[in-house]
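Okay, here's what each chain looks like letter by letter:
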Amino acid sequence: MKENRPWLIWLTIIAVILAGVGIFFYYTLFRQSKSELIEAIPTDAAYIFTLNDNDGFVSGTKELTPYLNELFAMDALPAYETMRNKLPAGEYDLTVSGHIQNNTVSLLFNTHADKAAFRRLLRALSIDPNNYTAFENNRIYTYGTNYKSVKFVYTNHIISFSTDLELLKRAIVQHSHPKNLLSEKQFKEMYQLSEKNQKQNWLLINTKDYIPYLSTFLNGEAAKALAECLNPIGWTALQLRFSGNGMYLSGYTHVSQPDDSRYGLFVQRSGNGSEITSFIPAKSDWYTQLETPRIRESNKMKTLQHPEHFTELNPSEAGYFSLCTDSCNHRFAILLPDSSKNALEVFYGNAVAADSVRKVHPDGFFPIPFPLSPLLTTFVPDSATWFIEKDNALVFSDSKEALKSYQNSLKTIGDLTQNRLYPFVNEAIASSSLLDFVILNEADNTFWYNRLSEKGKASHFGKELRIFSLSCETMEKGKNLLPVNLFLHF
């Protein structure tokens, strides 16, 4: 035994090494034989649809086809569906990725299938297996449908389709590339969120790459505002739901700078989220409800003159909206202050001065003794100079005439609940929402139209969008995931 012991030790070491080498090569060969769909997508994707329910997506988007074609270049989808229907019966998972170059979008469709299914596809399409374009030891075939001329290839148990040959070649190269989308920590985090619910369809958006394309529908001013608003936002993962002419998208967006004071707004609640609505007229072009102003932490407080007055008012909620009357567009701000605070006393310093102002202005329209520039948000004019007390709220604007128009509109037409579009918004916004930004694009509303580029004005999306709603819910403290809900109604 003493003489044989060294041989036993060496045999054990060699066996362990061989086992490790075997596992390595098995794992490598396995990965090469079947890639995950997400690994076959080039890393410059601006957005990715992961369609776990393809049939549901196709049937649910029938009425929304013109808008999806413009926003996500989905006009290639019918060509893919024509070819997919030639595959043997079965469930086929699908990713659709959008790749943007020079403001044009090319789509890549990836679906899992075995070799037998691919051969049957070639026969069903009457394609000669020897008629192909060779690239990286792969065979690229071409099929002309009634919709598009589609190139497709079978690699590592994935059939990839595209109308763009160069994009398809990049997808082939991606299979063997050491880095893929999952190599990016932020994307991996958002993708894993979508993987937790594989019964739903998801849309993952790379904000940095997609927003420049979306901005082509907007004029310069609106595009700049959109870019500034979304600058800190990274990958976003949204569940998709469609109903008639409505698109519902709910999920999370990755905030790259969670310590930014703008996002402190979403950590803590302070109001009940229901009182502001009754102060906003039904004919408003757009409105914002903010349940947690957290004024002390607002970036705007750094440039607001006399911020101590607003700190003393201790508001729990804020609202902003615009109203078009007689070809004039007026903007307003609403604050719900602490009910024990007297605004005139806060603004003018004491009760005696406040009583004096009331006597000079018995109509209830009060001038502000100092400039409010800016007031809390970019949606409000730089200089609010007048305010009124409305029940338990303070309403600010840039002129006495604007506040008169506001009161008249609220009295004659009513509040938001009287707007025919509002029930759709009310249904789409979660009761737990902290921030809502809504555009109500009635036929006579010029706010949306005036912010469109020539491309936007000519598009179905620009002409027929009736509601745009963005709402956000509470962030978990210390996390960088902001819960969001989007709603578009045409």
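Source: prediction; values computed, not measured.

## So, unusual backbone geometry
Unlike most non-glycine residues, E136 shows phi in positive territory, near 50°. Its identity as a non-glycine residue notwithstanding, D391 has a phi of 55°, on the positive side. Examined against the element boundaries, D391 turns out to sit in the loop between strand 15 (384-390) and strand 16 (393-397).

## Let's talk about the nonpolar core
Y47, F49, F152 and F396 are the most contacted members of the largest nonpolar core, which totals 90 residues. Those residues in contact with Y47, other than ones at most four positions away along the chain, are F72, A73, V96, S97, G98, V105, L107, L203, L204, I205 and Y210. Counting residues in each nonpolar core, the second largest holds 29 residues, with Y287, F365, L416 and I467 among its members.

## Points about helix 3 (residues 65-72)
Inspection of helix 3 places Y67, L68, E70, L71 and F72 among the buried residues, and these make up the whole buried set. Projected down its long axis, helix 3 carries its buried residues within an arc of 165°, all on one side. Those residues of helix 3 that are buried lie in contact with strand 1 (47-51), strand 3 (104-112), strand 8 (202-206), helix 8 (207-214), strand 10 (246-255) and helix 17 (460-464). Backbone geometry just after helix 3 places A73 at a positive phi near 55°.

## So, the pairing of strand 10
Along strand 10, eight of the 10 residues are buried, which leaves the element largely enclosed by surrounding structure. In terms of strand pairing, strand 9 (residues 233-243) meets strand 10 through nine bridges, oriented antiparallel. Pairing of F242 across the sheet is with M247, part of strand 10. Counting the residues between successive antiparallel strands, the hairpin from strand 9 to strand 10 contains two residues, one of them, G244, with a positive phi of roughly 60°.

## Observations concerning the packing of aromatic side chains
According to the stated counting rule, one finds 33 aromatic pairs in the structure shown. On the basis of an interplanar angle of 80° and a centroid distance of 5.6 Å, the ring pair of F217 and F461 is categorised as edge-to-face. Taken together, the residues F217 in the loop between helix 8 and helix 9 (220-230) and F461 in helix 17 connect sequence positions 244 residues apart. Here F217 matches F461 in class, with each residue buried. Judged by centre distance (5.8 Å) and plane angle (90°), the rings of W448 and F461 are edge-to-face. Taken together, the positions of W448 in the loop between strand 17 (435-440) and helix 16 (454-458) and F461 in helix 17 put the pair 13 residues apart, joining distant regions of the chain. Both residues of the pair, W448 and F461, count as buried. Chaining the aromatic ring pairs together yields one cluster made of Y47, F49, F57, Y67, F72, Y210, Y213, F217, F242, W448, F461 and F490. Over the ring of F217 we find K455; its NZ or CZ atom is 4.5 Å from the centre of that ring.

## So, empty space enclosed by the protein
In total, this model carries one cavity of 30 Å³ or more according to the counting rule given. Size it by volume and the largest cavity reaches roughly 40 Å³. Lining of the largest cavity is provided by A76, A79, Y80, F109, V150, F161, S162 and T163. Listing elements by their share of the lining of the largest cavity, those giving two or more residues are helix 4 (77-84) and strand 7 (158-162).

## A word on the pattern of salt bridges
Per the stated rule, a full pass over the model turns up eight salt bridges. Between K400 and D363 there is a salt bridge, with the nearest N and O atoms lying 2.9 Å from each other. Of this pair, K400 sits in helix 14 (residues 400-412) while D363 sits in the loop between helix 13 (351-360) and strand 14 (366-372), placing them 37 residues apart in sequence. For D363, a relative accessible area of 40% translates into the label partly exposed.

## Focus on the environment of E317
Mapped onto the secondary structure, E317 falls in strand 12 (residues 317-325). For E317, a relative accessible area of 3% translates into the label buried. Between the C-alpha atoms of E317 and L290, which are 27 residues apart in sequence, the distance is 5.8 Å.

## A few points about the confidence of the model for the protein chain
Taken as a whole, the protein chain shows an average pLDDT of 86; of its residues, 84% reach a score of 70 or greater. Under a pLDDT of 50 for its full length, residues 26-32 has, in the predicted model, two contacts with residues more than four places off or in other chains.

Conventions adopted
The residue count restarts for each chain, going from 1 along the sequence in the order it is written. Per-residue local features are limited, in this predicted model, to residues with pLDDT of at least 70; the limit for side-chain atom pairs, both in listing and counting, is 80 or more; totals at the level of whole chains, interfaces and linings are taken over all residues. The basis for every side-chain value is the complete set of non-hydrogen atoms in the structure, without hydrogens or water. Counting from the N terminus, the helices are DSSP H or I runs at least four residues long and the strands are E runs at least two residues long. Throughout, nonpolar core names a set of buried Ala, Val, Leu, Ile, Met, Phe, Trp, Tyr and Cys residues whose side chains join them through atoms within 4.5 Å. Only protein chains enter the accessibility calculation, which uses a 1.4 Å probe. A residue is then buried if its area is under 20% of the maximum for its type, exposed if over 50%, and partly exposed in between. Should any heavy atoms of two residues lie within 4.5 Å, those residues are counted as being in contact. Picture the helix axis, draw a direction to every C-beta atom, and the arc is the one those directions span. Criterion used throughout: strands pair if DSSP finds at least two bridges between them. Ring geometry is summarised as follows: Phe, Tyr and Trp rings, the Trp one being its six-membered ring, pair when their centres sit within 6.5 Å, and such pairs are stacked at plane angles under 30 degrees, edge-to-face over 60 and tilted between the two. In this scheme, the term charge over a ring applies when either NZ of a lysine or CZ of an arginine sits within 6 Å of the ring centre and within 35 degrees of the ring normal. Buried and open spaces are told apart on a 1 Å grid over the protein atoms alone, a cavity being a set of points where a 1.4 Å probe fits but cannot get out and a pocket being an open set with protein on both sides within 12 Å along at least five of seven lines. Residues with an atom within 4 Å of a point are the lining residues. Grid points are joined across faces, edges and corners, and a volume is the space filled by probe spheres set on the points. When a carboxyl oxygen of Asp or Glu lies within 4 Å of a side-chain nitrogen of Lys or Arg, that pair is called a salt bridge. In predicted models, pLDDT denotes the confidence assigned by the predictor to each residue on a 0 to 100 scale.

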